[in-house]
Amino acid sequence: MKYQEIAMGIAKDLGADYADIRIQRTTQEWIYLEDTSFKQNAQGTIYGYGIRVLKDGAWGFSHSNIFSEEAVKKTTQKAFDIAKFSAKLKKGDGIKLANEKSYIAKYDTPLIKDPFKVPIREKTELMLEISKKMLNYEPIKKTMVYFYSKKEEKIFASTIGTELEINTCFINPMIVAYAFNENDNQSRQFDDGGRATGWEWIESLDFIKKADTIAQEAITKVNADVLGEEKRRTLILDPNHLGLTMHESVGHPTELDRVLGWEADYAGVSFATPEKLKNYQYGSPIVNFVGDNTLKEGLATSGFDDDGVPGQKWFIIKDGILNEYGTTRETAPYIGLDYSRGCNRATFYYDQPMNRIPNLYLLPGKNKYSLSDMIRDTEDGVYIQGRGSFSIDQHRVNFQFGGDYFWEIKNGKLHRPLKKVLYRSNNPEFWNACDAICDERYWKPFGVVNCGKGQPNQTAIMTHGASPSRFRNIRVGGSQ
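Residues numbered from 1 in each chain as written. Predicted model: local features only at pLDDT ≥ 70, side-chain atom pairs only at ≥ 80, totals over all residues. Heavy atoms only, no water.

Where helix 3 (residues 120-135) meets helix 5 (residues 207-222), the axes come as close as 8 Å, and the angle between the chain directions of the two elements is 30°. In this view, helix 3 runs roughly parallel relative to helix 5, as classed from their interaxial angle. Handedness of the crossing formed by helix 3 with helix 5: right-handed. Here helix 3 contributes L126, E129, I130, K133 and M134 to the contact with helix 5, which in turn contributes F207, I208, A211, D212, I214 and A215. For the contact of helix 3 with helix 5, the per-class residue count stands at eight nonpolar, no polar and three charged. (Axes fitted to C-alpha atoms, helices over the stretch in contact; angles between N-to-C directions. Helix = DSSP H or I, 4+ residues; strand = E, 2+ residues; numbered from the N terminus. Parallel < 35°, antiparallel > 145°, perpendicular 65-115°, else oblique. Left-handed = near helix turned anticlockwise from the far one by under 90°. Contact = heavy atoms within 4.5 Å. Nonpolar A, V, L, I, M, F, W, Y, C, P; charged D, E, K, R; others polar.)

Right under this line is the structure:
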């Protein structure tokens, strides 16, 4: 008998109201090159199973990496005992799960070349070539090249009859060049985040050409001017930069557990509380954010979440109005919903799943409008590319963001390169200041592979996306 069948059978015999098991093998590979010296070349696997039991309105969770019938029985019993004990401390009726169908299904990340089957020599030779290309420029004194790959093989089963096999894979490449002059040093990076695909994506990126561009832009940046005093300016933000901005100011505030106040000691709660649903002007009428766990090559696209709920697509912000949240079977009933949007995910087998940001993206503009058009229509502004520093308060309202590469815009033209630019704003000022979004030709994804949440901390993955977007009358200035 399969281990999942043993666990679910015992849970039923014990009288569990609901139970599920995740048998999960996670394999990761890190390759890190600094200049021409390899600092890390490692691969590791984490393998085991986690069992959740719901009894009398309370969860019990237990895990093990011992695969035997006896170990599975003991782990299930422990989860049940924890649930029974926790039920003594519950408030009211405790946890009620949103309804869900049972499924028997399999999901595989579509890929052509498994990155774990690509010879290590091929990877390291490419990384050395990238680094040497950047170091050919005299002002470039330091470089970094980083490849991270991860794959998961998961079996999920529950007492409602769901049986799933889920196999996912992603890659995250990054290159950085550090330029120095007599007064300063600055970095420029290529980092589109991770993407749920195979090594064929790496082959399509033309990293040698990118290395050349990154090195030249790092040199331009270190010799650039500082913007000066803060004042109200127009901002144009590229998709890569917006990936981080939307993650912090839209993604986290619309996680329902954070909205409910369950998540507070790691990155705070949320201002976007339930009484604001369907009536709160989160952004201007052209701002539409979609949660989409069916997105092609999206990092949160895995067929089903860790509740056994299928991936879905829905509006989180619609025509500027707060429309819905990212929910789980556990959180949805607390605002009167009897369905989950499938946002429950855990990192490793020994983690209990929690409410996470889905693949979340800003829809492109409906009318044909290019980045050149947007710059031409801007009198006094700053164009920001890539991600930099960020800070946001404990209610996800007030925030500050930097970037990676900057241009001042004057009279509809890129006037001069800049460095050390920061902007400050808040929800809802920022998204209501959005007055233009480029069309779908300019839409690009950005994959987040390091979203931390919870105590103890878990790291989740998801993909954001946008076209270049413009924001009027935002506080922008230069940092010293």
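Alright, that's what it looks like, and here's the rest.
Within the secondary structure, R424 sits in strand 21 (residues 421-426). In the structure, R424 is positioned 192 residues away from R232 in sequence and 9.9 Å away in space, judged by C-alpha atoms. In this structure the side chain of R424 is engaged in a polar contact, spanning 2.8 Å, whose partner is the side chain of E230. (Polar contact = N/O pair within 3.5 Å; in protein donor to acceptor, adjacent residues only side chain to side chain.)

Overall, mixed pairing links the six strands, which are arranged 12-11-10-15-24-23 in an open sheet. Across the chains shown, the open sheet's two edge strands, defined by having one partner strand only, are strand 12 (321-322) and strand 23 (444-453). As paired elements, strand 10 (residues 289-292) and strand 11 (residues 313-318) share four bridges and run antiparallel to each other. Of the residues in strand 11, the one forming a bridge with G291 is W314. Along the sheet face, helix 6 (residues 239-251) touches strand 10, strand 11, strand 15 (360-362), strand 23 and strand 24 (458-466) and points at about 120° away from the line of strand 24. (Pairing = 2+ DSSP bridges.)

Tallying each qualifying case throughout the model produces 26 aromatic pairs. Residues Y49 and F67 carry aromatic rings whose centres are separated by 5.1 Å and whose planes lie at 70° to one another, so their mutual orientation is edge-to-face. With a gap of 18 residues between them, Y49 in strand 2 (residues 37-55) and F67 in the loop between strand 3 (58-64) and helix 2 (69-87) connect regions that are remote in the sequence. Classification of F67 by relative accessible area gives partly exposed; the value is 25%. Plain terms: the ring middles of Y148 and F170 are 5.7 Å apart, the flat faces sit at 75° to each other, and that makes the pair edge-to-face. Taken as a pair, Y148 in strand 5 (residues 140-158) and F170 in strand 6 (residues 163-180) lie far apart in primary sequence, 22 residues in all. With a relative accessible area of 5%, F170 lands in the buried category. By the ring-pair criterion, three or more aromatic residues cluster together here, those being F289, F390, F399, F401, Y423, F430, W431 and F471. A cation over an aromatic ring shows up here: K276 above the ring of Y280, its NZ or CZ 5.8 Å from the ring centre. Its end group placed over the ring of Y18, R329 keeps NZ or CZ at 5.4 Å from the ring centre. (Phe/Tyr/Trp six-rings, centres within 6.5 Å; stacked < 30°, edge-to-face > 60°. Buried < 20%, exposed > 50% of the residue type's maximum accessible area, 1.4 Å probe, protein only. Lys NZ or Arg CZ within 6 Å of the ring centre and 35° of its normal.)

What follows is about helix 3. Taking 1.5 Å as the rise per residue, helix 3 with 16 residues should run 22 Å; its terminal C-alpha atoms sit 23 Å apart, in good agreement. Here helix 3 has its buried residues at K123, T124, M127, I130, S131 and M134. Buried residues in helix 3, looked at end-on, bunch into an arc of 120°, giving them a common side. Looking at the packing, one finds that the buried side of helix 3 touches strand 1 (18-34), strand 2, strand 5, strand 6 and helix 5. (Expected span 1.5 Å × (residues − 1). Arc of directions from axis to C-beta.)

Remark: helix 1 (residues 3-14) packs on helix 2, axes separated minimally by 9 Å, with the N-to-C direction vectors making an angle of 40°. Judged by the angle between their axes, helix 1 and helix 2 are oblique. In the packing of helix 1 onto helix 2, the handedness of the crossing is right-handed. The segment helix 1 lies against helix 2, with Y3, I6, A7, I10, A11 and L14 engaging E69, V72, K73, T76, Q77 and F80.

Most peptide bonds take the trans configuration, and most residues that are not glycine carry a negative phi. At the junction of N427 and P428, the peptide bond is cis and its omega measures out at 15° in the coordinates. Between Q455 and the following residue, P456, the backbone shows a cis peptide bond with an omega angle of 0°. Secondary-structure assignment places P456 in the loop between strand 23 and strand 24. One non-glycine residue, E297, adopts positive backbone phi at about 65°. Assignment of secondary structure puts E297 in the loop between strand 10 and strand 11. With phi around 50°, D319 is a residue other than glycine that occupies positive phi space.

Looking now at the side chain of N172. Note on placement: N172 falls in strand 6. Look at N172 and you get buried, because its relative accessible area is 7%. In this structure, N172 is in contact with Y146, F147, Y148, D191, G193, G194 and V449, ignoring residues within four places of it in sequence.

This part takes up helix 1. Taking 1.5 Å of rise per residue, twelve residues should cover 16 Å, and helix 1 covers 17 Å from first to last C-alpha, within 8% of that figure. Here helix 1 has its buried residues at Q4, I6, A7, M8, I10 and A11. Packing partners of the buried residues in helix 1 comprise strand 1, strand 2, helix 2 and strand 5. Of the residues one or two after helix 1, G15 is the one with positive phi, at around 100°.

Here the focus is the pairing of strand 5. By the criterion of burial, strand 5 is predominantly enclosed, with 14 of the 19 residues buried. Bridge count between strand 1 and strand 5: 15 bridges; the pairing is antiparallel. Note that in strand 5 the partner of Q28 across the bridge is K150. The pairing of strand 5 with strand 6 spans 17 bridges and is antiparallel. Note on strand 6: the bridge partner recorded for A157 is E163. Between the end of strand 5 and the start of strand 6, which pair antiparallel, lie four residues, with G161 showing a positive phi angle near 100°.

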